[in-house]
Amino acid sequence: MAATLRIQSDWSRALSKDEGEAWLSCRSPGKPTLYGSVTRRGLSSDGSPDIMASEGFVVGEVTKKSILISCPHENVSTKFLAPYTSFCRIHQKSITCLDISSGGGLGVSTSTDGTMKIWQAANGEIRRLLEGHVYDVNCCRFFPSGLVVLSGGMDAQLKIWSAEDASCVVTFKGHKGGILDTAIVDRGRNVLSCSRDGTARLWDCGKSACLGVIADCGSPINGIAVGIADNSLNLGTPEKPPSEREVGTEGKILLLAREDKKLQGMGLQSRQPVFLFVGSDAFNCCTFLSSTYILAGTQDGNIYQLDVRNTNAPIQVIHRSGAPVLSLLPYQDGFIASQGN
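Residues numbered from 1 in each chain as written. Predicted model: local features only at pLDDT ≥ 70, side-chain atom pairs only at ≥ 80, totals over all residues. Heavy atoms only, no water.

Novice: Mind showing me how you'd approach the side chain of Ser195 here?
Specialist: Mapped onto the elements of the fold, Ser195 is located in strand S17 (residues 190-195). Polar contacts involving the side chain of Ser195 include one to the main-chain carbonyl oxygen of Gly178, which spans 3.0 Å. Leaving out residues up to four positions away in the same chain, Ser195 has contacts with His175, Gly177, Gly178, Ile179, Leu180, Pro220 and Ile221. (Helix = DSSP H or I, 4+ residues; strand = E, 2+ residues; numbered from the N terminus. Polar contact = N/O pair within 3.5 Å; in protein donor to acceptor, adjacent residues only side chain to side chain. Contact = heavy atoms within 4.5 Å.)

See below:
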């Protein structure tokens, strides 16, 4: 397990003034944590900040938006990036979920302040307040059109909203516990949800109806993801012909990140189990890297990469810290992970 190098503050803000200081730590599993700091001494000749590190740490390349710091003793280095921009006035408390529209123009986010808002991605200007859930809203995402939002809350309701006028156009009821994650099938005639009640359900947006329970696990399902299955995978056969209202489910696999330490794959149309992988702790999130490779993150900080064709053993297990892995997002040839630290 690799060492982890961290800056314990908003370094870009701390180092924006002369003699500003930010705290450092380097942690290796089973070893005492090394602590230090970086201090700004002014500007260098090219206009970038002149940064000095305390003993045990080395400052590498420095630009106006990034700083490379290494800890030679642990043979680890990290490039820290300053935010491109910050929106501080959208929510008053922690942000629990967010999404950006396909065109990049709008953002939607939920918060522990109890609100769900749509805002301009360019400047953070609030466009709409989406009100209608009772209690906390756990998840939100744009449909591919970028004009409609799907949300799920602790009130066990799944809702569809117009991003243009903030009206709630559809409410789905059927779950017996708070909804924890959602997914959209193709263009969005069908959507998926998972809940604390241990079920994952498929919904028909046009008729506001549940098309079926895809899985009933007996344990909360914290996250889901839907993807196109590899051709060699046996997805099973439906026990009865699917409804004509079911659109785009053929050839798809549904991943379930479960609280009982299990990551499960289900044939979306067949409702049949494809694989079951047991991890080190509760699974919080999952995503597809391709039709064969998937990722899933656990409460104890592990990120598992698996091949859906053979899940007996993971391809790799990444462990940067013991903090919970909260979300995973494919990016270019790799992925982005968020953790609870």
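Novice: Hey, could you run me through the environment of Asp230 in this one?
Specialist: Position of Asp230 relative to the elements: it lies in the loop between strand S20 (221-228) and strand S21 (252-258). Counting along the chain gives 214 residues from Asp230 to Ser16, while the straight-line C-alpha distance between them is 49 Å. If sequence neighbours within four positions are ignored, Asp230 has contacts with Ser291, Thr292 and Arg309.

Novice: I'm lost on the UniProt feature "repeat: WD" (unreviewed entry) in the protein in this one. Help?
Specialist: Under the local residue numbering, the UniProt record ascribes the feature "repeat: WD" (unreviewed entry) to residues 88-129, 130-171 and 172-204. For residues 130-171, the end-to-end C-alpha separation is 13 Å, with 0% helix and 52% strand making up the annotated structure. The span residues 172-204 shows a helical share of 0% and a strand share of 64%, and its end C-alpha atoms are spaced 9 Å apart. (UniProt positions renumbered as here; feature names shortened; annotations may be inferred.)

Novice: Mind showing me how you'd approach the domain arrangement of the protein here?
Specialist: How big an interface is tends to be stated in terms of the accessible area lost upon association of its parts. Each assigned domain of the protein is listed with its residue range as follows: domain 1 (4-84) and domain 2 (91-339). Taken over C-alpha atoms, the centre of domain 1 sits 36 Å from the centre of domain 2. (Domains from an automatic or database assignment.)

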